Amino acid sequence: ASKDLAAMGWNPLNVKGTAATNWGVNNTGGLGPDQYAKLGWTPSKTNYETCLASPIFQAAGASTLSIQYDREFLPNGAGSNSTAITLKGSLDGANTDWSKALTLDTQLGNQGIGPDNVVFNIPSELSNSNGLRLGFCVSGKSTYDITQFAVDNVCVVKGSAPSFVKCRSEEHTSELQSQST
């Protein structure tokens, strides 16, 4: 059975406009068959920026952190030139202002992305704290310009960027899919 994102510890929110209601859980497509987060185009929203905010990561004592996640972006025609896919980070915990958060990665949505796996080190200014949150953000003129943006299997681990098939329960702090312990 599908769980909603909030029940899984992830919070869709609006930075600008009202597109947060377009986030949901899906299990078909490039990141399936397990559950993953998906931002869909319908209902159409204009002049928007929405972020899927992670749970708060507990990373005190970790001077180096790395992240690995799966993503897929499917544009809808040439209008997608106005779409930006951005990963942001903040140490402000539950009080994060995503319009002021540190940008970790940005892709323009004029071409499809993935499905692919992304691995990189998180900047040192976001390490060694118990208030780290990540935001998978999408902005643009209209959600009609996208078919979907999807994210899954988010793993944050101590140390330099590894490449792993699945987070071990003692390493990761959050994944979109449910895991039994």
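What counts, and at which threshold
Residues numbered from 1 in each chain as written. Predicted model: local features only at pLDDT ≥ 70, side-chain atom pairs only at ≥ 80, totals over all residues. Heavy atoms only, no water. Phe/Tyr/Trp six-rings, centres within 6.5 Å; stacked < 30°, edge-to-face > 60°. Helix = DSSP H or I, 4+ residues; strand = E, 2+ residues; numbered from the N terminus. Buried < 20%, exposed > 50% of the residue type's maximum accessible area, 1.4 Å probe, protein only. 1 Å grid on protein atoms, 1.4 Å probe; cavity = no way out; pocket = protein on both sides within 12 Å on 5 of 7 lines; lining within 4 Å. Points joined across faces, edges and corners; volume = space filled by probe spheres on them. Nonpolar A, V, L, I, M, F, W, Y, C, P; charged D, E, K, R; others polar. Pairing = 2+ DSSP bridges. Axes fitted to C-alpha atoms, helices over the stretch in contact; angles between N-to-C directions. Core = buried A, V, L, I, M, F, W, Y, C linked by side-chain atoms within 4.5 Å. Contact = heavy atoms within 4.5 Å.

J.: Please set out the packing of aromatic side chains residue by residue, giving values where relevant.
T.: In this description, an aromatic ring pair is defined by two values, namely the gap between the centres and the angle between the planes. Considering all chains together, one arrives at four aromatic pairs under this definition. Relative to Phe-136, the ring of Trp-10 lies with its centre 6.1 Å away and its plane at 45°, an arrangement referred to as tilted. Of this pair, Trp-10 sits in the segment before β1 (11-16) while Phe-136 sits in strand β9 (residues 133-142); the two residues are 126 residues apart in sequence, bridging distant segments of the chain. By relative accessible area, Trp-10 is classed as buried at 0%. In this structure Phe-136 comes out as buried when scored by relative accessible area, which is 2%. Aromatic side chains Tyr-69 and Phe-136 sit 5.0 Å apart centroid to centroid with 75° between the ring planes, which places their arrangement in the edge-to-face category. Of the two residues, Tyr-69 is situated in strand β5 (residues 65-75) and Phe-136 in strand β9; the sequence distance between them amounts to 67 residues. Across the pair, Phe-136 and Tyr-69 agree in class, each one buried. Members of the aromatic cluster, each reached through a chain of ring pairs, are Trp-10, Tyr-69 and Phe-136.

J.: Provide a residue-level description of empty space enclosed by the protein, including the pertinent values.
T.: One pass over the full model with this rule turns up one cavity of 30 Å³ or more. Taken as a whole, the largest cavity encloses approximately 50 Å³ of empty space. Along the walls of the largest cavity sit Tyr-69, Arg-71, Ile-85, Thr-86, Leu-87, Asp-105, Phe-136 and Phe-149, which together make up its complete lining. For the lining of the largest cavity, the secondary-structure elements that each account for two or more residues are β5 and β6 (84-90). Per-element accounting of the lining of the largest cavity gives the leading share, three residues, to β6. Looking at the lining of the largest cavity residue by residue, the class counts come to five nonpolar, one polar and two charged.

J.: A description of the sheet that holds strand β7 (residues 102-108) should follow, citing residues and the corresponding values.
T.: Spatially, five strands are ordered β1-β4-β9-β6-β7 in an open sheet, and the strand pairing comes out antiparallel. Looking at which strands have only one partner, the edges of the open sheet turn out to be β1 and β7. Looking at each pair of strands side by side, their axes are set apart by 25° on average, direction ignored. Bridging between β6 and β7 involves six bridges; their strand directions are antiparallel.

J.: Describe the nonpolar core, naming the residues involved and giving the relevant values.
T.: Ranked by size, the top nonpolar core spans 33 residues in total, and within it Ile-67, Tyr-69, Phe-136 and Phe-149 carry the most contacts. Those elements that provide at least two residues to this core are β3 (36-40), β4 (46-53), β5, β6, β8 (113-122), β9 and β10 (146-158). Considering every element that reaches this core, the biggest residue donor is β10, with five residues. Once you skip the residues sitting within four places of it in the chain, Phe-149 turns out to touch Trp-23, Ala-37, Lys-38, Leu-39, Arg-71, Glu-72, Phe-73, Ile-85, Phe-136 and Val-138. Formed by five residues, the second largest nonpolar core is a distinct cluster that contains Cys-51, Ala-53, Trp-98 and Ala-101.

J.: I'd like a rundown of the sheet that holds strand β2 (residues 23-26), residues and numbers included.
T.: Read from one edge to the other, the open sheet built from five strands follows the order β2-β3-β10-β5-β8, with strand pairing classed as antiparallel. Looking along the sheet, the strands with just one partner apiece sit at the ends: β2 and β8. The sheet shows a mean angle of 30° between the axes of neighbouring strands, taken without regard to direction. In the sheet, β5 pairs with β8 via eight bridges, with the strands oriented antiparallel. The residue bridging Tyr-69 from the neighbouring strand is Val-118, located in β8.

So yeah, pure geometry; function would need other evidence.
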